[in-house]
Amino acid sequence: MQIAAILYRLSLTFWTGGIALFTFILTPMLFKALSRDQAGQIVGILFPGYFRWGLACGAIALACRLVMRNNALVPACLLVVMLALTSVQAFSIEPRAAALKRQIPSFDTTPKEHPLRREFAKLHGISAVCNLAVVAGGIVLVVVL
């Protein structure tokens, strides 16, 4: 059971740390250094791997938590919610946002009021809330549970 506990903590910290690095450091640096279109293109290329990483880490954490069996119900439920949010991002929000991005000629020149930009902004907002919820859940699991 010792190995399961170690893998559990590692997968949680890799998942939460990966989200924090991508969300709070890498993405803002890209958007500061490059045009909105260039930064968006790079982030769009990275998203599939980013979500696969989260799903893999979350699945490992959940499997390990269930193997550990000590007070596993609350952490397991939180992991399921985190995995569900990541799945929604990976399989619903990101593909729809990517399709919208392909229809928008340029984020630098297309007005924010344009219907496609407004729909993209809505999806981005939902994704950001999901992302922050997963980070918060990861922090709770690492620090408290």
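The shown structure was predicted, so the numbers you read here are calculated from the model rather than taken from an experiment.

(A) Up close: helix α3 (residues 73-103). Relative to the 45 Å expected for 31 residues at 1.5 Å per residue, α3 spans 44 Å between its end C-alpha atoms, a close match to the ideal helical length. By the largest-angle criterion, I93 marks the main kink of α3, which is about 40°, and a proline, P95, follows within four residues. Of the surrounding elements, those touching the buried residues of α3 are α1 (2-33), α2 (36-68) and α4 (115-143).

(B) Up close: the UniProt feature "transmembrane region" (unreviewed entry) in the chain. In this numbering, the UniProt entry assigns the feature "transmembrane region" (unreviewed entry) to residues 12-30, 50-68, 73-93 and 123-144. Helix makes up 100% of residues 12-30 and strand 0%, with an end-to-end C-alpha separation of 26 Å. End C-alpha atoms of residues 50-68 are separated by 27 Å, and the span's content is 100% helix alongside 0% strand.

(C) Examining the side chain of S11 more closely. The residue S11 is located in helix α1 in this model. There is a polar contact of 3.0 Å between the side chain of S11 and the backbone oxygen of Y8. Polar contacts involving the side chain of S11 include one to the main-chain amide nitrogen of A61, which spans 3.4 Å.

(D) Structural context of α1. If you check α1, its first and last C-alpha atoms are 44 Å apart, about what 32 residues at 1.5 Å a residue would give, namely 46 Å. If you look at α1, its biggest bend is around 35°, right at F22. Looking only at α1, the buried set comprises A4, Y8, S11, L12, W15, T16, I19, F22, T27 and L30. Packed against the buried residues of α1 are α2, α3 and α4.

(E) Layout of the packing of aromatic side chains. Summed over the entire model, instances satisfying the criterion amount to seven aromatic pairs. Ring centres 5.0 Å apart and planes at 65° place the aromatic pair F107 and F120 in the edge-to-face group. A residue pair is termed long-range when its members are at least 10 positions apart, and F107 in the loop between α3 and α4 and F120 in helix α4 qualify at 13 residues. In this structure, F107 and F120 share a single accessibility class: buried. Aromatic ring contacts, followed pair by pair, group F22, F47, Y50 and F51 into a single cluster. The ring of Y8 has R65 sitting right over it, with the charged end atom 5.0 Å from the ring centre.

(F) Seen up close, the packing of α3 against α4. Contact pair α3 / α4: the axes reach a minimum separation of 9 Å and the direction vectors enclose 160°. Between α3 and α4, the angle is such that the two are roughly antiparallel. Helix-helix and strand crossings are classified by hand; for α3 and α4 the assignment is left-handed.

Criteria and cut-off values
- Residues numbered from 1 in each chain as written.
- Predicted model: local features only at pLDDT ≥ 70, side-chain atom pairs only at ≥ 80, totals over all residues.
- Heavy atoms only, no water.
- Helix = DSSP H or I, 4+ residues; strand = E, 2+ residues; numbered from the N terminus.
- Expected span 1.5 Å × (residues − 1).
- Bend = angle between axes of the 7 residues up to and from the residue.
- Contact = heavy atoms within 4.5 Å.
- UniProt positions renumbered as here; feature names shortened; annotations may be inferred.
- Polar contact = N/O pair within 3.5 Å; in protein donor to acceptor, adjacent residues only side chain to side chain.
- Buried < 20%, exposed > 50% of the residue type's maximum accessible area, 1.4 Å probe, protein only.
- Phe/Tyr/Trp six-rings, centres within 6.5 Å; stacked < 30°, edge-to-face > 60°.
- Lys NZ or Arg CZ within 6 Å of the ring centre and 35° of its normal.
- Axes fitted to C-alpha atoms, helices over the stretch in contact; angles between N-to-C directions.
- Parallel < 35°, antiparallel > 145°, perpendicular 65-115°, else oblique.
- Left-handed = near helix turned anticlockwise from the far one by under 90°.

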